[in-house]
Amino acid sequence: MNEVVNINELNERIERESLFVDTLSREVGKVIVGQRHLIDTLLIGLLSNGHILLEGVPGLAKTLAITTLAKAVDARFSRIQFTPDLMPADITGTNIIVKGEAGNEFRFQPGPLFASIVLADEINRATPKTQAALLEAMQEHSVTVAGETHALSEPYFVLATQNPVEQEGTYPLPEAQLDRFLFKVLVRFPTLDELSGIVDMTVGGGERRAEKVSDGEKLLRMRAVAREVPVAKAVKEYALKLLLNTHPEIPESPEISRKFLRFGASPRAAQALIAAARVHALMEGRYNVSFDDIDFVAPACLRHRIALSFEGLSEGMTAD
């Protein structure tokens, strides 16, 4: 009897949070024309306690989507433009000398990483040392300066962008760092109708703004509900077999993997698949994770976690 009551309570919470996610999605959609997939993946990343890598040419509303999301959830937003001369202290913060009653003293001055939503623009332009400083903040939700650890506020959400066209003078993220991102999202170019809507909104004086519909505490409660969305054994096995099939060294893997892949996705990808699928089920108003949820999140979860072999590259294959 208690189990039935608990299930009913969970279903009620899932239904309630699903309606709220719709409200949040519509608020962001008021400002962003088209890019439905981008909005959905941003919300999944935010509610999965993961971080997202966005890849697309300039001008596709990546920055606008992120700033709009920050306004809708009333989160402190910070944008960092990564450049080759950017140092770790420039983003983490540093100790500065301040005059006090007892004389000069050191005081920690927080850097731009101390925000709830952080946009790391063109992350591949920064040196590996600065990228590593960002990695610690993403993984540990804290930064260490002069041997002292400073906690970051929750929820903490990092979105990094990179331009796939300009690669000269950049520092590509190593596989281990790419694996820290929940999703790698390829931002597509808008259609003719979407371009028309963008021009009407921005050039025609029809600019719209997002209103606050949430806050940090509400997001944390939504994350807790998402973690409770049930996953059937068959669905979990489907996700795990999908991951194992990306490994060319496993005899049971399909021929396309054994022929064109150098290595497959890590166990962290399995965690990402389940966590993201739970949020997608919540967004769809379902009370459990389905095979369709796994299929929806799989490309973004896996495309940056597998590597093509020389044969795959020579034949023009892509991760997708």
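As shown above, the structure is provided for reference.
These notes cover the structure that comes with them. (Residues numbered from 1 in each chain as written. Predicted model: local features only at pLDDT ≥ 70, side-chain atom pairs only at ≥ 80, totals over all residues. Heavy atoms only, no water.)

### Regarding the overall build of the protein chain
Note the cut-off: Strands here mean DSSP runs of E at least two residues long; helices mean DSSP runs of H or I at least four residues long; both are numbered from the N terminus. Radius of gyration: C-alpha atoms only; globule rule: 2.2 Å multiplied by the number of residues to the exponent 0.38. Summary of the burial criterion: residues with accessible area below 20% of their type's maximum are buried, those above 50% are exposed, and those between are partly exposed, where the area comes from a 1.4 Å probe applied to protein chains only. Contacts are assigned to residue pairs with any non-hydrogen atoms lying within 4.5 Å of each other. Each accessible area value is a Shrake-Rupley result obtained with a 1.4 Å probe; residue values ignore everything except the protein chains displayed when judging cover. As used throughout, the charge tally considers Lys and Arg to be positive and Asp and Glu to be negative, leaving His and the chain termini uncounted. Every charge is mapped onto a representative atom, which is NZ of Lys, CZ of Arg, CG of Asp or CD of Glu.
Regarding its fold elements, the protein chain presents 13 helices and 11 strands. A globule of 320 residues ought to have a C-alpha radius of gyration of about 20 Å, and the protein chain, at 21 Å, matches this closely. With the C-alpha coordinates aligned to their principal axes, the bounding extent of the protein chain is approximately 65 × 55 × 50 Å. Per-residue burial over the protein chain gives 48% buried out of 320 residues. Of all intrachain contacts in the protein chain linking residues separated by at least 6 positions in sequence, the fraction that spans at least 24 positions is 75%. For the protein chain, the accessible surface area stands at approximately 16,300 Å², while carbon and sulfur atoms represent 54% of it. Once the 34 positive and 43 negative side-chain charges of the protein chain are each reduced to a mean point, those two points are 2 Å apart.

### Remarks on the packing of helix α9 (residues 233-244) against helix α12 (residues 291-302)
The cut-off we apply is this: Interaxial angle, 0 to 180 degrees, is taken between N-to-C directions of lines fitted to C-alpha atoms, where a helix line uses only the stretch in contact. By definition in this entry, angles of less than 35 degrees are roughly parallel, angles greater than 145 are roughly antiparallel, angles of 65 to 115 are roughly perpendicular, and the rest are oblique. What makes a crossing left-handed is the near helix being turned counterclockwise from the far one by less than a right angle; a clockwise turn instead makes it right-handed. We call Asp, Glu, Lys and Arg charged. Ala, Val, Leu, Ile, Met, Phe, Trp, Tyr, Cys and Pro are nonpolar, and the rest, Gly among them, are polar.
Look at α9 against α12: their axes get within 10 Å of each other, and the N-to-C directions meet at 25°. The angle between α9 and α12 falls in the class roughly parallel. When you trace α9 past α12, the crossing you get is right-handed. Here α9 contributes Ala 234, Val 235, Tyr 238, Ala 239 and Leu 242 to the contact with α12, which in turn contributes Phe 291, Ile 294, Asp 295, Ala 298 and Leu 302. In the contact of α9 with α12, the residues fall into 9 nonpolar, no polar and 1 charged.

### Regarding a negative patch on the surface
Put simply, the rule reads: Patch criteria: residues need more than 30% relative accessible area and no salt bridge. Like-charged residues are merged within 9 Å; nonpolar side chains of Val, Leu, Ile, Met, Phe, Trp and Tyr are merged within 5 Å. Whenever a carboxyl oxygen of Asp or Glu lies within 4 Å of a side-chain nitrogen of Lys or Arg, that contact is scored as a salt bridge.
Together, Asp 22, Glu 284, Asp 292 and Asp 295 make up a region of like negative charge exposed at the surface. As for its position among the elements, Asp 22 is in helix α1 (residues 2-29).

### Considerations on helix α2 (residues 36-47)
We apply this condition: How far a helix is expected to stretch is found by multiplying one less than its residue total by 1.5 Å.
Taking 1.5 Å as the rise per residue, α2 with 12 residues should run 16 Å; its terminal C-alpha atoms sit 17 Å apart, in good agreement. Within α2, 10 of the 12 residues are buried, leaving the element largely enclosed by the surrounding structure.

### Concerning the pattern of salt bridges
Side-chain pairs of opposite charge can arise where the charged atoms are in close proximity. Taken as a whole, this structure holds 7 salt bridges when the rule is applied. One salt bridge in this structure joins Arg 125 and Glu 122, with 3.1 Å as the shortest N-O distance. Since its relative accessible area comes to 18%, Arg 125 is described here as buried. Residue Glu 122 is classed as partly exposed on the basis of its relative accessible area, which comes to 21%.

### Focus: the sheet that holds strand β9 (residues 183-186)
The criterion, for reference: Strands are treated as partners if at least two bridges between them are detected by DSSP.
Strands sit in the order β2-β5-β8-β1-β9 across an open sheet of 5 strands; the sheet is parallel. Among the strands making up the open sheet, the edge pair consists of β2 (77-81) and β9. Neighbour to neighbour, the strand axes of the sheet diverge by 20° on average, direction disregarded. Two elements, strand β5 (residues 117-121) and strand β8 (residues 157-162), share 4 bridges in a ladder whose sense is parallel. Bridge pairing in β8 links Leu 119 to Leu 159. Relative to the sheet, α2 contacts β1 (52-55), β8 and β9, its axis offset from that of β9 by approximately 170°.

### Looking at the side chain of Ser 48
Note on placement: Ser 48 falls in the loop between α2 and β1. Beyond its immediate chain neighbours, meaning those up to four positions away, Ser 48 contacts Leu 182, Ala 275, Ala 276 and Val 279.

### Things to note about α12
Compared with the 16 Å implied by 1.5 Å per residue over 12 residues, the 16 Å span of α12 between its first and last C-alpha is a close match. For α12, every residue scored as buried is listed here: Asp 293, Ile 294, Val 297, Ala 298, Ala 300, Cys 301 and Leu 302.

### Description of the packing of aromatic side chains
The relative placement of two aromatic rings is captured by the distance of their centres and the angle of their planes. We count it as follows: In this analysis, rings of Phe, Tyr and Trp, with Trp reduced to its six-membered ring, are considered paired at centre separations within 6.5 Å, and the interplanar angle assigns stacked below 30 degrees, edge-to-face beyond 60, and tilted for intermediate values.
Across all of its chains, the model carries 2 aromatic pairs by this definition. A ring pair is formed by Phe 108 and Phe 114, whose centres lie 5.6 Å apart and whose planes are at 65°; its orientation type is edge-to-face. On the basis of relative accessibility, which here comes to 18%, the residue Phe 108 falls in the buried class.

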